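Descriptive analysis of the structure
Here's the letter readout for the chains.
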Amino acid sequence: MPGRVCASILQRVLTAPVASQGPQLSLLCNYPTQHGQHSLLSSRTNGTAQTCTTSRKSHLSLVGKRGFSTRQDLDFQLSQVQINSILRSNEQSVSVPEFDGRGLCSVRKFESNQLPANSPNEDRRSAVTCLQSKGMLFGVFDGHGGWTCAQALCERLLYYVAVAMMPKHSLEELDRCVEQGRAVPPILQWYKHHSDYNYRDSAALYIEHLRVFWQELLENEEYSQGMSPPDALDLAFRRLDADISLEAQLPLTNSLMKSTAIQVAFAGSTACVAHVGPDVIHVANAGDCRAVLGVQEEDGSWSALPLTSDHNSQNPSEVERIRAQHPPSERDTVLVDDRLLGMLMPLRAFGDVRFKWSLELQQSVMSSLESSVDLDSLNLYNYVPPSYISPPYLDATPEITGHKLRPQDRFLILGSDGLWDELSNQEAVQLVGEHLSGIHLQAPVSQTERKLKLGKLFEVLQKRRARASPALDTNAATHLIRHALGRNDYGELCQERLATMLSLPEDLARLYRDDITVTVVNLNSDLARA
């Protein structure tokens, strides 16, 4: 359901009591809100995050009690300070040095933010500098069926991409260091928000499988200078998905590690990863997250250049791709009500082994788990999707796009589908472009507009005035989220609407909006011009 709903309608809907929310994932309490990085493989830099003094506890008291919702629990009269505190609690801003010791960087800075609707948030994000090769990597991951798969991707996928791009001599040195127990040169420099955390108990397993991956690369006689970014992205997506599937089948003795592996595999996540190199952007996408380039034209206006396509039932070529992989007898059952087998909206995703494994493998794994894992506590149930005849129905093979940077390419927006449910590509680029430049270009009143009746002309003038309103946020990602949820029909920010959307209790918020994750990457247009 779209999130841009009038506040008055929402308040009427919320007068009815709602049933209690089900139990949360039992493993969530086992993971603190912030962990260190894999000490063998990474270095860490914290981006700045602007926060207000309002505490998380007071924030929760504003949006209703966990588990039920009645009118007396709701307070839609959030002040501007309270709204800002909620919107800015997860924002991040990082300036990148123009010269990193290995060459000029195409990224000036990046700004990121998240606003959850699910509890816990099922979206994740990542940003790193590649230390053994050139460029930066940015990722947005939109989980479904829980947060576990997206969490694994945000920790692991960028490592797989970076390792595949490393030259052979660097991988050989890396492997020798691990073998001999010596200090390992870091592969990535991470930019983490203070609330990010890692699967600490699974780190050893993750590093072990990453090492198996780079050892297989070293055994390949054609591998010498490292893979190109598009080849590395493609291989990393497919290999990590295969590792996630394998880990769920392994007889792990550590019960927490086993539970995590099972949850990651049975949950799912889409992924969009961008590699910003010295002169080219490569984007790998599997699912319905998006990457959109903001282009400033010669007249100063802004245009959107999409670098991804959505992998869902609204994409005719994607629908035909899915149908072509199965017998003609399944043509009417592969997609039902715009969902894969009537259940899943994205047509490419990590995890989701229920749409990939054979029935025999599913039954074997579930049977082996019954004696060692509490399936109910993991929200796992022994069911099979309808019309499950010729698996696999789903894969994580990415669609790769390359774009050579030009002077007019000013920024890149990566966003989960929660953003794109509310804003079009052009609207998002327009908002960020005018936010960065501080210039709001207005087209002259057209001849058609001059002939409008007074009421319609008033609407046109209201929309023009909304575009010229001053920005409330320095962070471009926060600016996007504020406008995605708070705009009225004229494009003006409406505090009542925004307060209502942010005040919805946990058990109702997901009915009106999705988790939103946004990363805005400011590009070094001077470097492209040179």
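Because the structure is a prediction, the values reported are computed rather than measured.

Let's talk about empty space enclosed by the protein
Throughout the structure, instances matching the rule amount to 4 cavities of 30 Å³ or more. In this structure, the largest cavity encloses a volume near 70 Å³. Taken together, Gln92, Phe110, Ser112, Arg125, Ser126, Ala127, Trp190, Tyr191, Lys192, His193, Asp196 and Thr519 form the lining of the largest cavity. Its residues placed into classes, the lining of the largest cavity shows 4 nonpolar, 5 polar and 3 charged.

Notes on the packing of helix 7 (residues 229-249) against helix 8 (residues 255-266)
One can describe the packing of helix 7 onto helix 8 by two numbers: an axis separation of 8 Å at closest approach and a directional angle of 135°. By the angle between their axes, helix 7 is oblique relative to helix 8. Read as a crossing pair, helix 7 and helix 8 show a hand that is left-handed. Where helix 7 abuts helix 8, its residues Ile244, Glu247, Ala248 and Gln249 lie against Lys258, Ala261, Ile262, Val264 and Ala265. A class-by-class count of the residues in the contact of helix 7 with helix 8 yields 6 nonpolar, 1 polar and 2 charged.

Observations regarding the pairing of strand 9 (residues 290-296)
Strand 9 sits mainly inside the fold: 6 of its 7 residues count as buried. Of the pairings in the sheet, the one linking strand 9 to strand 15 (residues 409-415) comprises 6 bridges and is antiparallel in character. By the bridge assignment for strand 15, Gly294 is matched with Phe411. Bridge analysis of strand 9 against strand 10 (residues 302-306) gives 5 bridges, and the strand direction is antiparallel. Bridge assignment links Gly294 to a residue of strand 10, and that residue is Ala304.

Describing the pattern of salt bridges
Under the criterion given, the structure shown has 22 salt bridges. The salt bridge involving Arg176 is made with Glu173; its shortest N-O contact spans 2.9 Å. One end of the pair is Arg176 and the other is Glu173, both in helix 5 (residues 168-180) and 3 residues apart, which spans about a single turn. According to the relative accessible area criterion, Arg176 is partly exposed, its value standing at 38%. Given a relative accessible area of 29%, Glu173 falls into the partly exposed group. Here Arg211 ties to Glu179 by a salt bridge, and the two come within 2.7 Å at their closest N and O atoms. With a gap of 32 residues between them, Arg211 in helix 6 (residues 203-219) and Glu179 in helix 5 connect regions that are remote in the sequence. Residue Glu179 is classed as exposed on the basis of its relative accessible area, which comes to 57%. Each of Glu318, Arg321, Arg348 and Asp395 takes part in salt bridges that share partners, so that together they form one network.

Notes on the packing of helix 6 against helix 7
Two elements in contact, helix 6 and helix 7, have axes whose closest approach is 11 Å; the angle formed by their N-to-C orientations is 130°. Taken together, helix 6 and helix 7 sit at an angle that is classed as oblique. Crossing of helix 6 against helix 7: the hand is right-handed. Residue-level contacts link Leu205, Tyr206, His209, Val212, Phe213, Glu216 and Leu217 of helix 6 to Leu235, Arg239, Asp243, Leu246 and Glu247 of helix 7. Along the lines of polarity and charge, the residues of the contact of helix 6 with helix 7 split into 7 nonpolar, 1 polar and 4 charged.

Some points on the nonpolar core
The biggest cluster of nonpolar side chains holds 61 residues, and the ones touching the most others in it are Leu157, Val163, Leu171, Leu188 and Phe350. Tallying contributions element by element places helix 4 (residues 148-165) first for this core, with 14 residues. By size, the runner-up hydrophobic cluster in this structure holds 33 residues, among which are Trp302, Ala476, Leu504 and Ala509.

A short note on the environment of Asn524
Of note, Asn524 is situated in the loop between strand 16 (516-523) and helix 18 (525-529). Judged by relative accessible area, which is 7%, Asn524 ranks as buried. A C-alpha to C-alpha distance of 8.6 Å links Asn524 and Phe411, two positions 113 residues apart in sequence. The residues touching Asn524, leaving out its near neighbours within four places in the chain, are Glu98, Cys105, Ser106 and Arg108. Engagement of the side chain of Asn524 in a polar contact is seen with the backbone oxygen of Cys105, the distance being 3.5 Å.

Here we look at the pairing of strand 8 (residues 280-286)
Here strand 8 lies mainly inside the structure; 6 of its 7 residues are buried. Looking at chain direction, strand 7 (residues 268-276) and strand 8 are connected through 6 bridges and run antiparallel. Bridge assignment links Ala271 to a residue of strand 8, and that residue is Ala286. A loop of 3 residues connects strand 7 with strand 8, the two strands running antiparallel in sequence. In this structure, strand 8 lies alongside strand 14 (residues 399-404), joined through 6 bridges in antiparallel fashion. Each bridged residue has a counterpart across the sheet, and for Asn285 the counterpart in strand 14 is Glu399.

Digging into the confidence of the model for the protein chain
Note: predicted coordinates in regions of low pLDDT should not be interpreted at a detailed level. Per-residue pLDDT for the protein chain averages 83, and the proportion of residues at 70 or more is 76%. Scored below 50 in pLDDT, residues 1-40 makes 103 contacts in the model with residues more than four places away or belonging to other chains. In the model, residues 47-72 has pLDDT below 50 throughout and makes 55 contacts with residues more than four positions away in sequence or in other chains.

Parameters at a glance
- Residues numbered from 1 in each chain as written.
- Predicted model: local features only at pLDDT ≥ 70, side-chain atom pairs only at ≥ 80, totals over all residues.
- Heavy atoms only, no water.
- 1 Å grid on protein atoms, 1.4 Å probe; cavity = no way out; pocket = protein on both sides within 12 Å on 5 of 7 lines; lining within 4 Å.
- Points joined across faces, edges and corners; volume = space filled by probe spheres on them.
- Nonpolar A, V, L, I, M, F, W, Y, C, P; charged D, E, K, R; others polar.
- Axes fitted to C-alpha atoms, helices over the stretch in contact; angles between N-to-C directions.
- Helix = DSSP H or I, 4+ residues; strand = E, 2+ residues; numbered from the N terminus.
- Parallel < 35°, antiparallel > 145°, perpendicular 65-115°, else oblique.
- Left-handed = near helix turned anticlockwise from the far one by under 90°.
- Contact = heavy atoms within 4.5 Å.
- Buried < 20%, exposed > 50% of the residue type's maximum accessible area, 1.4 Å probe, protein only.
- Pairing = 2+ DSSP bridges.
- Salt bridge = Lys/Arg side-chain N within 4 Å of Asp/Glu carboxyl O.
- Core = buried A, V, L, I, M, F, W, Y, C linked by side-chain atoms within 4.5 Å.
- Polar contact = N/O pair within 3.5 Å; in protein donor to acceptor, adjacent residues only side chain to side chain.
- pLDDT = per-residue confidence, 0-100.

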